[in-house]
Amino acid sequence: MNVAAETIAERPATPSVDGSDTVIQAHGLTKLYKNARALDGADFRVGAGRIVGLIGPNGAGKTTALKAILGLTDFQGELEVLGMDPRRQRPQLMRDVCFIADVATLPRWIRVHEAIDFVAGVHPRFDRAKCERFLERTKLKPNQRVREMSKGMIVQLHLAIVMAIDARLLVLDEPTLGLDILYRKQFYQSLLEDYFDENKTILITTHQVEEIEHILTDLLFIRDGKIALTTTMDEMGARFAEVLVSAAQVEAARALHPIDERAAVFGKSIFVYDGADPEPLARLGEVKRPSVSDLFVAIMKGTYA
Ligand code: ATP
């Protein structure tokens, strides 16, 4: 065991908000490239049986964090994944982790049935029947080669294979890039219905936040290599509020220290609050939980300033 792993083992586990076991624990996770600080002392925890959205603007450090978790890049700081150090125990870790990169890489010459045979031969937890069921929902043919497929069809094949592997941690980096909306919706639905259970954990990055909002249990917002917000969806609903305010109430709304303000229809405005007392908010207008994308915009304000 190296120094970093020992330090984590000795430290009392981060209090688990959701009561689950820890799957990923990062303390001071830092990655320096020659000209960029891709991760800058990020601290976060992912519990077992959760579906966590890692959400951030372009260049925030999402892919770098996923690469560190998968043991695909070196880093500074402490990181433990399924109790292992991804730098030193990658082969062991990969028995329990599956990954879909934003660019699906499959050999261009391979046929659908050959790809399935290959994975069935090398992965003990691959369920061929399940993979074939996923493929039945696509237009892919068993004899079709990767080079004869469209971009989205390649992703469909990749997803069908990976979702048929019984992994403890599934890491998805923009998994639906290039897929049409029908298949994207179907993918997230089957991720929830046919794949996810309380023994699995999913960490997912995407810019299409609205599409995954309904399946997430937790949010991790990342900005400039640091975690800007970590919350369960339940806590988020209790902590943040959005109020639709008429023009006459705008000054009163501003006095309650919103974290964001934007124009709505008919001269109304929408205000977002963090930890505000619900009673005065209710006097301003209709109070709702903000959507993840509206909360993201509120918290990331100034990113491109
Ligand atoms: P996006 O949403 O645009 O995919 P991201 O949040 O995944 O962004 P990363 O790919 O992790 O961001 O990049 C974080 C920072 O690290 C950026 O400033 C990027 O330029 C830099 N970076 C990433 N990979 C490398 C690399 N191989 N060499 C040098 N710099 C890199």
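Residues numbered from 1 in each chain as written. Predicted model: local features only at pLDDT ≥ 70, side-chain atom pairs only at ≥ 80, totals over all residues. Heavy atoms only, no water.

Caption draft 1: Structural view of the nonpolar core. Membership of the largest hydrophobic core comes to 53 residues, with the highest contact counts inside it found for Leu191, Leu219 and Phe221. Here this core takes nine residues from helix H6 (residues 151-163), the largest share from any one element. Counting residues domain by domain, this core receives three or more from each of domain 1 (3-234) and domain 2 (236-300). (Core = buried A, V, L, I, M, F, W, Y, C linked by side-chain atoms within 4.5 Å. Buried < 20%, exposed > 50% of the residue type's maximum accessible area, 1.4 Å probe, protein only. Helix = DSSP H or I, 4+ residues; strand = E, 2+ residues; numbered from the N terminus. Domains from an automatic or database assignment.)

Caption draft 2: Here's a closer look at the domain arrangement of the protein. Taken domain by domain, the protein holds domain 1 (3-234) and domain 2 (236-300). On a C-alpha basis, the centres of domain 1 and domain 2 stand 33 Å from each other. Of the residues lining the interface, 16 residues belong to domain 1; the matching set on domain 2 comes to 14 residues. Taken over both partners, the interface formed by domain 1 and domain 2 buries close to 1,200 Å², and the fraction arising from carbon and sulfur atoms is 68%. (Contact = heavy atoms within 4.5 Å. Buried area = accessible area lost by both parts, 1.4 Å probe.)

Caption draft 3: View of the environment of Glu198. Considering the arrangement of structural elements, one finds Glu198 in the loop between helix H7 (181-195) and strand S7 (201-205). Under the relative-accessibility criterion, Glu198 is labelled exposed at 61%. When near neighbours in sequence (up to four residues on either side) are disregarded, Glu198 contacts Ala48 and Gly49.

Caption draft 4: Layout of helix H2 (residues 62-69). Along H2, six of the eight residues are buried, which leaves the element largely enclosed by surrounding structure. Of all the positions in H2, only Lys62, Thr64, Ala65, Leu66, Ala68 and Ile69 are classed as buried.

Caption draft 5: Region of the structure containing the site of the ligand. In the vicinity of the ligand, the contacting residues are Tyr33, Ala36, Ala38, Pro57, Asn58, Gly59, Ala60, Gly61, Lys62, Thr63, Thr64 and His207. A distance of 2.8 Å separates an oxygen atom of the ligand from a polar backbone atom of Gly59. Measuring from an oxygen atom of the ligand, one finds a backbone N or O atom of Gly61 at 2.9 Å. No other element matches H2, which puts three residues into the shell around the ligand. The residue makeup of the shell around the ligand, split by class, is five nonpolar, six polar and one charged. (Near = heavy atom within 4 Å. Polar contact = N/O pair within 3.5 Å; in protein donor to acceptor, adjacent residues only side chain to side chain. Nonpolar A, V, L, I, M, F, W, Y, C, P; charged D, E, K, R; others polar.)

Caption draft 6: Structural view of unusual backbone geometry. Residue Leu82 is not a glycine yet carries a positive backbone phi of 50°. By the secondary structure assignment, Leu82 is in the loop between strand S4 (76-81) and helix H3 (90-93). A residue is classified by how much of its surface remains accessible, and Leu82, at 11% relative accessible area, is buried. Phi at His257 is positive, roughly 60°, even though this residue is not glycine. Looking at the element boundaries, His257 is found in the loop between helix H10 (250-254) and strand S11 (260-263). When its relative accessible area of 66% is taken as the criterion, His257 is described as exposed.

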